[in-house]
Amino acid sequence: MIPYEEALSKVLEHTKLIDTERVFINQSLGRVLAEDVMADTDKPPFDNSAMDGYAVRYEDIKDASQEKPVKLKVLGEIPAGEETAYKMEKGTAVKIFTGAPIPEGADTVIPFELTQEENHYILIKEPLKLGSNVRRKGEEIKEGEVVLKAGTLIRPYEMGIMASVNRVVVSVYRKPRVAVLATGDEIKDVGEPIEKLSQIRSSNSYVLFAQILRSGGEPHYLGIVKDNEEEIGKFLKHIDYYDVFITTGGVSMGGKDYVQHLVKEYGIDVKFHRVRIKPAKPVLFGTYKDRGLFFGLPGNPVSCTMAFDLLVHPALLKMSGRKDYIPKVFKAILKEDFIRRDAERREFVRAFVSFDGEKAYCSYSHKTQSHMLTSYIDMNAYMVVYEGIKEIKKGSLVDVIMFP
Ligand SMILES: Nc1nc2c(c(=O)[nH]1)N[C@H]1C(S)=C(S)[C@@H](COP(=O)(O)OP(=O)(O)OC[C@H]3O[C@@H](n4cnc5c(N)ncnc54)[C@H](O)[C@@H]3O)O[C@H]1N2
Ligand code: MOO
């Protein structure tokens, strides 16, 4: 049995960056840019007003005061989207709206609130700084400048930035194709008739499907296969099509746990089998072809789910070009005592982390066993109980990892 860090670094060591594809920007959310995105023009493309008000010449208004108001003649108005033919001379102002181009000769904008208008004239009773309320051409970005670097995660903000520089198609890392195959004679899909009390619904298939989606992958649901080498082999025959292949069940010591024998037959090079973690001890990891990743996750629902979050999720992120793929560990104050009997493995207990000002607090689910998927209800993190630790007192600092 290897420790968790070693398992994770083995997985990441074999995780290679996936190839790229071009997508329409609306399809790019959550993907990672595989190219730099450049500005097509200066931003803003022209000097324009940041307020509804009057474009003026600073020279004219710099000495305005309550006692000596400045009076300017209003030549006309410029709405946003209009070009301007006004040429401003001494003693004049032009009514202007937010986003409209600053007329030639003007350099400052006075908001309506600071003026009084009367018969095509305005009165100004206080000065403004030179350039007030003017958004300068190119002040945000210069034409040709890299606005988004390759490697950037695309969030709604970045999508907007790409639209603002008229980039409609962009190169991103492809979504990994991830197969999910549930194994087990007793496993039934949702909706299938249950003939015997000993049969179990395949919750794992659905958790995994959603986890893959959440990790930015493309889930391929392969259904359920019996504990039968030939049947499982029919799926593994096509393993090359997938970037990642996940099975659940059949990896422990049971007589029908075929996966570990089969993997060799289908070109999977096993890198580890069994990790000193609780749950998910029997997890198996291997590689195929030059870049495929194979995960044999345990059948127990919590073991399967947790092994995905802590081993598969980081790999999917890394493969997709993400830089933040290592699970972040931080400290929280334990709100109640924790005790366990067996301290051989590092345990990842489903926990709830809450924040109060600067401090984080941690409580945990008392359903600690690996068949209880309901231990995830209302929880948002894993509390890490390290090897050799049997007891943690209320008030102690514990390590926690938020769910992805
Ligand atoms: N003698 C030993 N027995 C077991 C060991 C061990 O070290 N020595 N390890 C235990 C641990 S830890 C785990 S975890 C399980 C993992 O076993 P498998 O991966 O071989 O899984 P199965 O035996 O096929 O199933 C275990 C359990 O999970 C249920 N299951 C399976 N598939 C699904 C599914 N798709 N959806 C929901 N539930 C599923 C299955 O019915 C079993 O109850 O092994 C221990 N045994
Ligand atoms: O490791 Mo198993 O996942 O403890 O139940």
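Everything here concerns the structure above.
One structure accompanies this document, and this report is about it. Remember, it's a predicted structure, so these values are computed and weren't measured experimentally. (Residues numbered from 1 in each chain as written. Chains lettered and ligands numbered in written order. Predicted model: local features only at pLDDT ≥ 70, side-chain atom pairs only at ≥ 80, totals over all residues.)

### Quick word on helix H3 (residues 156-164)
Using the following cut-off: Counting other C-beta atoms within 10 Å of each residue's C-beta, where C-beta atoms are placed from the backbone, gives the exposure class: buried for 20 or more, exposed for 12 or fewer, partly exposed between. We count a stretch as a helix when DSSP gives it H or I for four or more residues in a row; a strand needs E for two or more, and each element gets its number in order from the N terminus. What the arc describes is the spread of directions from the helix axis to the C-beta atoms. Contact definition: two residues whose C-beta atoms, as placed from backbone geometry, lie within 7 Å.
Glu158, Ile161 and Met162 are the residues of H3 that are buried. Burial along H3 is one-sided: seen end-on, the buried residues are contained in an arc of 100 degrees. Away from the buried face of H3 by more than 90 degrees, exposed residues Pro156, Tyr157, Gly160 and Ala163 are located. Here the buried face of H3 lies against strand S2 (37-38), strand S11 (146-148) and strand S12 (169-173). At the exit of H3 stands Asn166, carrying a positive phi of roughly 65 degrees.

### A look at the site of ligand 1
Counted only if it meets this: What makes a residue near a molecule or strand is its C-beta atom, placed from the backbone, lying within 6 Å of it. For this classification, Asp, Glu, Lys and Arg are treated as charged, while Ala, Val, Leu, Ile, Met, Phe, Trp, Tyr, Cys and Pro are nonpolar and the rest, including Gly, are polar.
The full set close to ligand 1 counts 27 residues, and Asn204, Gly249, Ser252, Pro298 and Gly299 are the nearest of them. Mapped by element, the contributors of at least two residues to the shell around ligand 1 are helix H4 (203-214) and helix H7 (301-319). Looking at which element gives the most residues to the shell around ligand 1, the answer is H4, with 3 residues. Counted by class, the shell around ligand 1 contains 9 nonpolar, 15 polar and 3 charged residues.

### Considering the environment of Met1
With respect to the helices and strands, Met1 occurs in the segment before helix H1 (4-13). For the pair Met1 and Asp40, spaced 39 residues apart in sequence, the C-alpha to C-alpha distance is 55 Å. In this structure Met1 touches Arg274, Val275 and Arg276, once residues within four positions along its chain are discounted.

### Observations concerning the site of ligand 2
Around ligand 2, the structure places Lys278, Pro279, Ala280, Lys281, Pro298, Asn300, Ser303 and Ser370. Its residues assigned to classes, the shell around ligand 2 comprises 3 nonpolar, 3 polar and 2 charged.

### A word on the packing of H4 against H7
Applied cut-off: Under this scheme, a helix contributes an axis fitted over its contacting stretch, all axes are lines through C-alpha atoms, and angles between N-to-C directions fall in the 0 to 180 degree range. Any angle that is under 35 degrees is reported as roughly parallel, and any over 145 degrees as roughly antiparallel; angles of 65 to 115 degrees are reported as roughly perpendicular and all others as oblique. Handedness of a crossing follows from how the near helix is turned relative to the far one, being left-handed for an anticlockwise turn of less than a right angle and right-handed for a clockwise one.
It is at 9 Å that the axes of H4 and H7 come closest, and there the two elements cross at 20 degrees. When the axes of H4 and H7 are compared, the pair comes out roughly parallel. Helix-helix and strand crossings are classified by hand; for H4 and H7 the assignment is right-handed. Between H4, through Ser203, Asn204, Val207, Leu208 and Gln211, and H7, the contact on the second element is made entirely by Pro301, Cys304, Thr305, Phe308 and His313.

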